[in-house]
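A structural walkthrough
Below are the chains, spelled out letter by letter.
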Amino acid sequence: TSAPSSGTASFLRCLAVHLPPHVIYTTTSPSYTSVLESSIKNLLFVTPATPTPLAIVTATNASHVQATVRCGALHGVRVRPRSGGHDYEGLSYRSLTTARPFAVVDLAALRGVRVDAARRTAWVGSGATLGELYYAIANHSKRLGFPGGLGPTVGLGGHLSGGGFGVMLRKHGLAADHVVDALIVDAEGRLLDRAAMGEDVFWAIRGGGGGSFGVVLYWKLRLVRVPATVTVFTVHRARNQSATALLAKWQRVAPKLPRDVFLRVVLQSQDAQFQSLYLGKRTGLVSTMARRFPELGVRAQDCIEMTWIESVLYFAFYGTGKPMELLLDRGTKPERYFKAKSDYVSEPIPSHVWESVWSWLLMDGAGLLILDPYGGRMGDVAPSATPFPHRQELYNLQYYGFWFENGTEVSEKHMGWIRGLHREMEPHVSKNPRGAYVNYRDLDLGVNDVDDGVTGYEKARVWGEMYFKANFERLAAVKAMVDPHDFFRNEQSIPPFPSSR
Ligand code: FDA
């Protein structure tokens with residue numbers, strides 16, 4: 001065998017030898033830009049200065065992924081997997097530096113969904129979107145569903161890798177809690193199922209964040225039962241209609257409601273929008289609200305009965321009567337710039353702090369806040385059962401800034417708003433370490449240093465323990481076991497530790 005050589009030219013030659021030409025896009029291919037941008041969601045990373053991959057492989061089967069990883073390992077070019085491209089920091093298709101060229105293996109074509117309604121399972125490709133999964137399930141059975149996120153264009157690959165939660169989380173926990181098997185290509189290019197990868201790796205890929213342990217190609221999911229009828233409502237309460245008092249109470253009530261009830265809040269401008277999904281009929285929701293949260297004043301006429309799949313459309317597109325086929329729309333060009341951050345709240349935040357949050361929401365450059373309650377099933381699961389440690393928190397708080405115009409001044413205004421509010425909230429949220437959700441990736445929390453070719457542990461701990469708390473150490477140990485040379489790497493990938501060097 002020949003000695004490993006380093007270099008992008010030999011990597012590209014290796015791809016050309018081992019892959020059919022129609023799945024390889026290099027920077028000189030006429031379609032490179034359209035393939036690159038096909039699933040980008042954040043305009044921040046569509047600039048001429050953004051370091052992008054030297055090649056994109058649009059894999060249509062496992063052997064394409066295996067060959068790309070093997071060529072990369074042989075010639076010193078790292079590979080980043082991309083499924084739905086929704087990474088908040090764009091780490092599935094861009095890097096922060098041009099110093100280390102990388103390639104992308106794009107899994108959008110690996111999007112088959114095979115539902116076995118009798119066994120209540122589904123095998124799904126990482127490139128499938130949540131919308132495609134929900135659509136396929138509903139086509140097989142009106143009584144089955146899956147507890148994933150709300151955004152229908154989100155890719156399964158990244159979503160399950162980081163945990164994944166949506167409006168059924170209080171009843172069923174995280175999306176990743178329902179993974180029962182997976183097929184992964186490891187750093188040596190081997191294709192492994194759960195039995196072959198072992199329980200440590202299987203643990204790590206269900207919430208330890210994407211891009212660190214290998215390329216997951218397929219996931220076997222356990223589906224959940226849903227009732228024939230569910231009920232939703234959305235009610236708005238303005239700041240001057242006692243929204244502050246309602247928020248104060250919501251923090252105490254929402255995480256303790258019966259687990260069939262999910263009640264989130266979206267704060268924007270001077271408005272609190274309370275959105276609910278109830279796994280049952282209208283009368284049940286109206287009476288639970290009247291008993292547990294009468295101040296919110298939810299009336300029967302606010303509540304709409306529908307099927308589970310209609311509720312998926314309701315939360316995705318804010319309304320009723322939308323065609324189910326909308327779930328199959330993978331989206332086209334990105335249309336906004338955005339920046340997000342997250343916190344976990346362990347103790348109710350006092351009303352005077354909410355008053356100051358309202359002032360932040362009035363500022364030029366303000367975005368919105370999303371408060372997703374936990375409790376229920378989430379609290380039943382041990383924080384070490386999966387890499388996702390935030391099981392006992394009251395709720396997740398997401399800060400979301402977005403804008404549509406290009407320009408440094410505009411982006412600095414919005415970035416300044418979100419960073420400022422996040423800083424201001426520090427005394428009121430989880431501590432030691434302050435928590436954050438890896439699927440709301442935020443490079444402000446820290447970026448890896450690469451020493452001697454391998455990601456350093458100490459610097460990575462800073463962001464790592466915010467996402468994973470005590471599970472970070474086990475993630476690093478699993479990484480050292482399966483990828484000691486740190487082949488799968490990005491600015492926030494899990495470092496191998498103890499390191500073999
Ligand atoms: P992308 O392809 O960008 O991958 C994300 C990360 O995972 C990257 O590091 C990538 O390298 C890695 N990766 C991707 N595929 C992989 C694979 N097959 N194997 C290994 N690693 C892989 N979250 C949530 O919990 N609930 C929600 O309701 C929503 N809603 C939502 C809406 C919108 C509009 C956006 C933009 C995002 C969300 N999210 C969310 C966050 C979402 O769960 C998160 O961004 C996911 O990581 C996106 O997965 P993709 O495959 O789309 O991203």
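Residues numbered from 1 in each chain as written. Predicted model: local features only at pLDDT ≥ 70, side-chain atom pairs only at ≥ 80, totals over all residues. Heavy atoms only, no water.

The name given to the protein in an unreviewed UniProt entry is FAD-binding PCMH-type domain-containing protein, with the source organism recorded as Digitaria exilis. As recorded by UniProt, the Cofactor (unreviewed entry) comment attached to the protein reads in full: "FAD". (UniProt positions renumbered as here; feature names shortened; annotations may be inferred.)

This next bit is on the overall build of the protein. Regarding its fold elements, the protein presents 16 helices and 20 strands. For 501 residues, the compact-globule estimate of 2.2 N^0.38 gives 23 Å, and the protein sits close to it at 22 Å. Dimensions of the protein, computed from C-alpha atoms along their principal axes, come out at roughly 75 × 50 × 45 Å. Across the 501 residues that make up the protein, the buried fraction comes to 60%. Accessible surface for the protein amounts to roughly 19400 Å². Of this, 53% is attributable to carbon and sulfur atoms. Of the charged side chains in the protein, 55 are positive and 45 negative; the average position of the first set lies 5 Å away from that of the second. (Helix = DSSP H or I, 4+ residues; strand = E, 2+ residues; numbered from the N terminus. Rg over C-alpha atoms; globule rule 2.2 N^0.38 Å. Buried < 20%, exposed > 50% of the residue type's maximum accessible area, 1.4 Å probe, protein only. Areas by Shrake-Rupley, 256 points an atom, 1.4 Å probe, with all protein chains shown as cover. Lys, Arg positive; Asp, Glu negative; His and termini not counted. Charge placed at Lys NZ, Arg CZ, Asp CG, Glu CD.)

Around the ligand, the surrounding shell holds 31 residues, and the nearest of these are P81, S83, S92, F165 and Y437. Separating an oxygen atom of the ligand from a backbone N or O atom of G84 is a distance of 2.9 Å. Between the ligand and N439 there is a distance of 3.0 Å, counted from an oxygen atom to a side-chain nitrogen or oxygen. Secondary structure elements with two or more residues in the shell around the ligand: β3 (78-82), α5 (156-161) and β10 (215-222). At three residues, α5 tops the list of elements feeding residues into the shell around the ligand. (Near = heavy atom within 4 Å. Polar contact = N/O pair within 3.5 Å; in protein donor to acceptor, adjacent residues only side chain to side chain.)

For an α-helix, the turn length of 3.6 residues means that residues three or four places apart are oriented alike. All buried positions along helix α10 (residues 282-292) are accounted for by G284, L285, T288 and M289. Across the axial projection of α10, the buried residues extend over an arc of 125°, all falling on one side. Opposite its buried face, α10 presents the exposed residues T283, A290 and R291, each directed more than 90 degrees away. In this structure, the buried side of α10 is in contact with β12 (230-238), β13 (261-268) and β14 (271-278). (Arc of directions from axis to C-beta. Contact = heavy atoms within 4.5 Å.)

Looking now at the nonpolar core. Core analysis: the biggest nonpolar cluster contains 81 residues, and F146 and I205 have the highest contact counts within it. With seven residues, helix α4 (residues 130-140) is the largest single contributor of residues to this core. The contacts of I205, once residues within four sequence positions are left out, are L160, S161, A182, I184, M197, F213, V216 and W219. W250, L285, W354 and W417 belong to the second largest nonpolar core, which has 41 residues in total. (Core = buried A, V, L, I, M, F, W, Y, C linked by side-chain atoms within 4.5 Å.)

An ideal rise of 1.5 Å per residue puts 16 Å on twelve residues; helix α16 (residues 471-482) measures up with 17 Å between its terminal C-alpha atoms. Residues of α16 that are buried include every one of N471, F472, L475, A476, V478, K479 and A480, and no others. Looking at the buried residues of α16, the elements they touch are α8 (199-204) and α15 (457-468). (Expected span 1.5 Å × (residues − 1).)

What follows is about the environment of V104. Note on placement: V104 falls in strand β4 (residues 102-106). If sequence neighbours within four positions are ignored, V104 has contacts with P53, A55, I56, V57, R80, R82, S92 and Y93.

With that settled, consider the confidence of the model for the protein. Here the protein averages 96 in pLDDT, while 98% of its residues score no lower than 70. Within the model, pLDDT remains below 50 along residues 1-5, and this stretch shows five contacts once partners closer than five positions in the same chain are excluded. Both scores are given for the predicted complex: the pTM is 0.97, the ipTM 1.00. (pLDDT = per-residue confidence, 0-100.)

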